[in-house]
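Residue-level structural notes
Letter by letter, the chains look like this.
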Amino acid sequence: RSVPSICDSVPGATLGKYLPGSPTKVSLPGLTGKSSNQCDWTLDHKPMYRLLEVTATAYAPSGLASGNGSATAAATDAYTQGLHGYLNPAKGSGLPKAQINAVSGLGKQAFSAFQVLKVGTHTAAEVTTDRITVLARYRNVLITVEFSGIDHASQGGYGPVEPSLLQAGAVAAARDVLAKL
């Protein structure tokens, strides 16, 4: 029925490894009480720009959920919807289809989604951001970790970032939160 404080669940060792320096932390209180909360960390130190967003949501039983309508069924439905959303982003969202990979040993179900986001239509203002999203389900809880980094900025002196580092950091943060459940 509740999830742990995300800001307290991701330890300094994880943050120090994947966001070296002094990241800025923003705690976003859950809109649904203790059943959901989010914490974000941003590191903006040229040439490095990284954003780590971690959310945990505990689902309640629902008559709209598949199967028996249990809390686990509701979380499983949300997990499946999340996967489909990365495979087929909404028209007009500007998001590319993600490259999906299963992640083993992380909750009951987990996948990672890799996307390359390009902003700016002119070469002089183009920014390319690599984003890894890990979605993990354990019982009725979904953990979503988005870890982004500027891979190339034609202005501003940012980049590059290694997608493998983003993947490792997102999995580590998800593992940290799962350990607190």
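Every value quoted in this text rests on a predicted model; they were computed, and no experiment measured them.

**Considering the overall build of the chain**
Within the chain one finds four helices and seven strands. The helix and strand sequence of the chain, counted from the amino end, reads α-α-β-β-β-α-β-β-β-β-α. The C-alpha radius of gyration of the chain comes to 17 Å, within 12% of the 16 Å expected for a compact globule of 181 residues. Considering only C-alpha atoms, the chain reaches an extent of 55 × 35 × 30 Å along its principal axes. The buried share among the 181 residues of the chain stands at 44%. The long-range fraction of contacts in the chain, counting pairs at least 24 apart against all pairs at least 6 apart in sequence, stands at 50%. Taken as a whole, the chain presents about 9,400 Å² of accessible surface, with 55% of it coming from carbon and sulfur. When the 15 basic and 11 acidic side-chain charges of the chain are each reduced to a single mean position, those positions are 9 Å apart.

**A word on the state of the cysteines**
Overall, the coordinates contain one disulfide when judged by the stated rule. Two residues, Cys7 and Cys39, share a disulfide whose sulfurs are 1.9 Å apart. Looking down the S-S bond of the Cys7 and Cys39 bridge, the torsion is 100°, so its handedness is right-handed. Linking Cys7 in helix H1 (residues 6–9) with Cys39 in strand S2 (residues 36–45), this pair joins segments that are 32 residues apart in sequence. Taking the relative accessible area as the measure of exposure, Cys39 reaches 0% and is therefore buried.

**What about the nonpolar core?**
Ranked by size, the top nonpolar core spans 34 residues in total, and within it Trp41, Leu52, Val54, Leu106, Ile143 and Val145 carry the most contacts. Elements that contribute at least two residues to this core include exactly H1, helix H2 (12–18), S2, strand S3 (48–58), strand S5 (109–119), strand S6 (127–138), strand S7 (141–153) and helix H4 (163–179). A per-element tally of this core places H4 first, with eight residues. Aside from chain neighbours lying at most four places away, what touches Val145 is Leu52, Glu53, Val54, Ile132, Thr133, Val134, Ala170, Ala173 and Ala174.

**Quick notes on the pattern of salt bridges**
Close approach of charged atoms allows side chains with opposite charge to pair. Summed over the entire model, instances satisfying the criterion amount to one salt bridge. Between Arg131 and Glu146 there is a salt bridge, with its nearest N and O atoms 3.7 Å apart. One end of the pair, Arg131, is in strand S6; the other, Glu146, is in strand S7, with 15 residues separating them in the sequence. Using a relative accessible area of 13% as the deciding quantity, one classes Arg131 as buried.

About the cut-offs
- Residues numbered from 1 in each chain as written.
- Predicted model: local features only at pLDDT ≥ 70, side-chain atom pairs only at ≥ 80, totals over all residues.
- Heavy atoms only, no water.
- Helix = DSSP H or I, 4+ residues; strand = E, 2+ residues; numbered from the N terminus.
- Rg over C-alpha atoms; globule rule 2.2 N^0.38 Å.
- Buried < 20%, exposed > 50% of the residue type's maximum accessible area, 1.4 Å probe, protein only.
- Contact = heavy atoms within 4.5 Å.
- Areas by Shrake-Rupley, 256 points an atom, 1.4 Å probe, with all protein chains shown as cover.
- Lys, Arg positive; Asp, Glu negative; His and termini not counted.
- Charge placed at Lys NZ, Arg CZ, Asp CG, Glu CD.
- Disulfide = S-S within 2.5 Å.
- Core = buried A, V, L, I, M, F, W, Y, C linked by side-chain atoms within 4.5 Å.
- Salt bridge = Lys/Arg side-chain N within 4 Å of Asp/Glu carboxyl O.

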